[in-house]
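# Structural overview for review
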Amino acid sequence: MTDLKRTASLEAKATVARFLIFKNRRTRMAGEGGFPINKYRVKTRGRGKILSQLGALSIFVRICSEGVRTSDSRASSPWIVRSGLSPAGIILRNLLKLIMSNIAFFKHLSIFLCVLGISIEMVAQPFTVDLNKPLVFQVGHLGETYQEWVHQPIVSKEGPRFFANGFVEFLTRTVWWVIPLVWLPVVCWAEYKSYQMGHTLSQLAAMVTFGIFVWSLMEYTLHRFLFHIQTKSYWGNTIHYLLHGCHHKHPMDGLRLVFPPAATAILLLPFWNLLKLMSTPSTTPALFGGGLLGYVMYDVTHYYLHHGQPSSEVPRSLKRYHLNHHFRVQNKGFGITSSFWDRIFGTLPATKSAALAEKSR
């Protein structure tokens, strides 16, 4: 009897110790801004507690059943006194005798239930992003919860760290004035190339205007269908976060609002080759320069909408329009420099007053 009590006690203590170790480890892993919220944790804890308690009950049954066996052999038992048993006590004693005959089964069941209770709490606990560590290779683990997490903005001018490597981290940060400084000379060079090939200034102006118009459509298309693509795989979430998710999570991060020139240069190569296939050799540079100028206007405007303080009505309205996309209706309002294509394709978000009126109906 003493050996069985000691064994059960050791098993129970080991189970509790494992539970506390895993619980403390999970608590340390939970960083500021953890996700998902506590409603998920309450459910998993509840199931884990129930199964752990069932395991403890099975251990208790084993001890009691051993007490019945020793009482039948006229040995003293602290759980069941042989003399003066009530009818309920007799029923309990007979029930424990039945359980005792399958004591090996209950021994394994008790251990299984205790461990299963802990395992369910560990496995079902969703991944939590630690904002104090580099984020890029964390967000992929969010799986299907990534989209909800990334569209819960953190409003702070201080951006998070992306990579542990200092040089790679440096490449992800770009001040806004680098964009016109790097790309406006390229625009001028492209227009001059077409001018040398015989095009007049009026023709160049028309091609630049057309290039800007084409860029505005690309701006809308990329933003809607690429930057807001639904992902749930590890690498899908990771790439999306680098492309656009980081901007929605930290919309006021001033060093990650514009696209890094190195990445832009890589994307410009297929754009140039596409124009060569669709236009003549003399018009390709001018159209390319117009599209590139449209991009520069887009990036600078985008930065201004987040950090500028417009005084006139047009930029103020555009700022409200874009911040509405970030903080109220994130699946509409994909235009940055204008709302033209949103009006054409039916993704123009309703104003706040119109939305309230619609809800009140």
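These numbers were taken from a predicted model, which means no experiment stands behind them.

Overall, the coordinates contain 7 salt bridges when judged by the stated rule. In this structure, Glu 169 and Arg 173 form a salt bridge, with 3.0 Å as the shortest nitrogen-oxygen distance. The class for Glu 169 is buried, based on a relative accessible area of 4%. A salt bridge links Glu 313 to Arg 316; its shortest N-O distance comes to 3.2 Å. Residue Glu 313 and its partner Arg 316 are both found in helix H13 (residues 313–327); the two are separated by 3 residues, about one turn of the helix. Under the relative-accessibility criterion, Glu 313 is labelled partly exposed at 45%.

A word on helix H10 (residues 234–249). When the terminal C-alpha atoms of H10 are compared, their 17 Å separation across 16 residues is substantially less than the 22 Å that a helix rising 1.5 Å per residue should span. Approximately 65° is the largest bend angle found in H10, and it occurs at Tyr 241. Listing the buried residues of H10 in full gives Gly 236, Asn 237, Thr 238, His 240, Tyr 241, His 244, Gly 245, Cys 246, His 247, His 248 and Lys 249. Among the structural elements, helix H5 (136–139), helix H6 (146–150), helix H9 (201–226), helix H12 (284–307) and H13 are those in contact with the buried residues of H10. Here H10 starts with a cap whose side-chain oxygen sits 3.1 Å from the backbone nitrogen of Gly 236, and that cap is Ser 233.

What follows deals with the nonpolar core. Ranked by size, the top nonpolar core spans 22 residues in total, and within it Ile 179, Trp 183, Leu 268, Phe 288, Leu 292 and Tyr 295 carry the most contacts. At the level of secondary structure, the elements contributing two or more residues to this core comprise helix H8 (178–196), H9, helix H11 (261–278), H12 and H13. Of all the elements, H12 adds the most residues to this core, at 8 residues. Once you skip the residues sitting within four places of it in the chain, Trp 183 turns out to touch Pro 261, Thr 264, Ala 265, Leu 268, Leu 292, Tyr 295 and Val 296.

We now examine the UniProt feature "transmembrane region" (unreviewed entry) in the protein chain. Under the UniProt annotation, the feature "transmembrane region" (unreviewed entry) is placed at residues 103–124, 174–192, 204–222 and 257–275. In residues 204–222, the share of helix is 100% and the share of strand is 0%. The end C-alpha atoms are 26 Å apart.

Averaged over the protein chain, the pLDDT score is 79; the fraction of residues at 70 or greater is 63%. Low pLDDT, under 50, characterises residues 25–47; the predicted model gives this stretch 36 contacts beyond four residues in sequence or across chains. Ignoring residues within four places in sequence, the model shows residues 64–83, a span with pLDDT below 50, making 32 contacts including any to other chains.

Reading guide: rules and limits
Residues numbered from 1 in each chain as written. Predicted model: local features only at pLDDT ≥ 70, side-chain atom pairs only at ≥ 80, totals over all residues. Heavy atoms only, no water. Salt bridge = Lys/Arg side-chain N within 4 Å of Asp/Glu carboxyl O. Buried < 20%, exposed > 50% of the residue type's maximum accessible area, 1.4 Å probe, protein only. Helix = DSSP H or I, 4+ residues; strand = E, 2+ residues; numbered from the N terminus. Expected span 1.5 Å × (residues − 1). Bend = angle between axes of the 7 residues up to and from the residue. Contact = heavy atoms within 4.5 Å. Polar contact = N/O pair within 3.5 Å; in protein donor to acceptor, adjacent residues only side chain to side chain. Core = buried A, V, L, I, M, F, W, Y, C linked by side-chain atoms within 4.5 Å. UniProt positions renumbered as here; feature names shortened; annotations may be inferred. pLDDT = per-residue confidence, 0-100.

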